Amino acid sequence: MRDFDQLVRDNALAALNETGPSDKRIEVLHRLSDDTTLGHEAARILASWGLEPAA
C-alpha cells in the first residue's frame with residue numbers, strides 16, 4: 001500500500017506544479033517543504049516559481 005500512497009502524493013505534487021502558483025498552492029508547498037518524503041520536490045517546485053521554501 002505504501003507504493004500506492006507515494007504515487008498519489010507524487011501525482012498531487014505534479015498537479016500543483018502544472019497548475020502554477022497561487023496563494024493556496026504556495027501555502028501547501030511551503031508546508032510540504034518540511035516533509036521528509038516530499039520536501040525536496042516541494043522546494044524544487046517553489047524554486048521554479050521563483051520562491052523560497054518556508055524557513
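Quantities reported herein were computed from a predicted structural model and do not represent experimental measurements.

**Structural notes on the overall build of the chain**
1) Next: In terms of helices and strands, the chain carries three helices and zero strands.
2) Next: Across the chain, helices and strands are ordered from the amino to the carboxyl terminus as α-α-α.
3) Next: What you see for the chain is a C-alpha radius of gyration of 11 Å, in line with the 10 Å of a compact globule of 55 residues.
4) Next: With the C-alpha coordinates of the chain rotated into their principal frame, the extents come out at 35 × 25 × 15 Å.
5) Next: The proportion of buried residues among the 55 residues of the chain is 22%.
6) Next: Taking the intrachain contacts of the chain between residues at least 6 apart in sequence as the baseline, contacts between residues at least 24 apart amount to 41%.

About the cut-offs
The written sequence of each chain sets the order in which its residues are numbered from 1. Totals for whole chains, interfaces and linings use all residues, but because this is a predicted model, local features are given only for residues with pLDDT of at least 70 and pairs of side-chain atoms are given and counted only at 80 or more. To get the side-chain values, all heavy atoms of the structure are used, and hydrogens and water are removed first. Working definition: helices are DSSP H or I runs of at least four residues, strands are E runs of at least two. Numbering for both runs from the N terminus. Radius of gyration here uses only the C-alpha atoms, and the compact-globule reference equals 2.2 Å multiplied by the residue count raised to the power 0.38. Type-normalised accessible area, obtained with a 1.4 Å probe on protein chains alone, sets the label of each residue: buried when under 20%, exposed when over 50%, and partly exposed for intermediate values. Throughout, a contact is declared for two residues whenever any of their heavy atoms are within 4.5 Å.

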